[in-house]
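Listed below are the residues making up each chain.
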Amino acid sequence: MSAVAHPATVAECLRVGAGFSQGDRNWIAEQFATLDARLASFHADATELEVSVKDREARGQKVTLECWIAGRQKIVTTSAEEDLHAALNDVRDDLRRRLNDAKTRQEPRHNKHLRDIPQPQGDPTPADDNQNAVPTADPTPADAETA
């Protein structure tokens, strides 16, 4: 991972949208603080987070967390949890998962799991070329001796 001169943090990039007040911002930033480690690989000036809630503290409330990172697609996570604290944790965890997935897709060479998967070896033969192939003898001579 290359070092970022000014890494993104939740406290710096978070905006509160509909349903939240500026007074809620610090409390929400504390809830989302675990995202800082994941956001640190992105530049602060190229990263934005916005959290909003529809029908706050009512049955059917919906919390939405949007993340914009320059050069990547916008990520939107939502939760319909009735408890506001649980809904915020839900969207935070989903965003972390989706950021990890996006990073893995973009840079699989750094993912040890993907490096350890054995790659097919040999010269693959296209299916069309097999139509004209001449059958060959069975490569197992042990069967010929026992017959």
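Preceding this paragraph is the structure being described.
Residues numbered from 1 in each chain as written. Predicted model: local features only at pLDDT ≥ 70, side-chain atom pairs only at ≥ 80, totals over all residues. Heavy atoms only, no water.

Caption draft 1: Focus on the side chain of Thr 64. Within the fold, Thr 64 resides in strand β3 (residues 62–69). Apart from residues lying up to four places away in sequence, Thr 64 is in contact with Glu 50, Val 51, Ser 52, Val 76, Thr 77 and Thr 78. (Helix = DSSP H or I, 4+ residues; strand = E, 2+ residues; numbered from the N terminus. Contact = heavy atoms within 4.5 Å.)

Caption draft 2: Looking closely at the state of the cysteines. Enumeration according to the criterion identifies zero disulfides in this entry. In this model Cys 67 remains outside any disulfide bridge; the closest cysteine sulfur is found in Cys 13, 8.4 Å from its own. (Disulfide = S-S within 2.5 Å.)

Caption draft 3: Main features of the pairing of strand β4 (residues 75–79). On β4, burial follows the alternation: Ile 75, Thr 77 and Ser 79 on one face are buried, whereas Val 76 and Thr 78 on the facing-out side are not. Looking at chain direction, β3 and β4 are connected through five bridges and run antiparallel. Bridge pairing links Leu 65 to Thr 77 in β4. Between the end of β3 and the start of β4, which pair antiparallel, lie five residues, with Gly 71 showing a positive phi angle near 85 degrees. (Buried < 20%, exposed > 50% of the residue type's maximum accessible area, 1.4 Å probe, protein only. Pairing = 2+ DSSP bridges.)

Caption draft 4: Summary view of the pattern of salt bridges. Scanning the entire structure with this criterion turns up nine salt bridges. Residue Arg 15 is joined to Glu 50 by a salt bridge in which the shortest nitrogen-to-oxygen separation is 3.0 Å. With Arg 15 in strand β1 (residues 14–16) and Glu 50 in strand β2 (residues 47–54), this pair connects stretches of sequence that are 35 residues apart. Arg 15 gets classed as partly exposed once you look at its relative accessible area, which sits at 35%. Two residues, Glu 82 and Arg 59, come together in a salt bridge whose shortest N-O distance is 3.9 Å. Here Glu 82 is found in the loop between β4 and α4 (84–106), whereas its partner Arg 59 is found in the loop between β2 and β3, with 23 residues between them in sequence. The two residues Glu 82 and Arg 59 agree in class, both being exposed. By sharing partners, the salt bridges in this structure join Arg 15, Glu 48 and Glu 50 into a single network. (Salt bridge = Lys/Arg side-chain N within 4 Å of Asp/Glu carboxyl O.)

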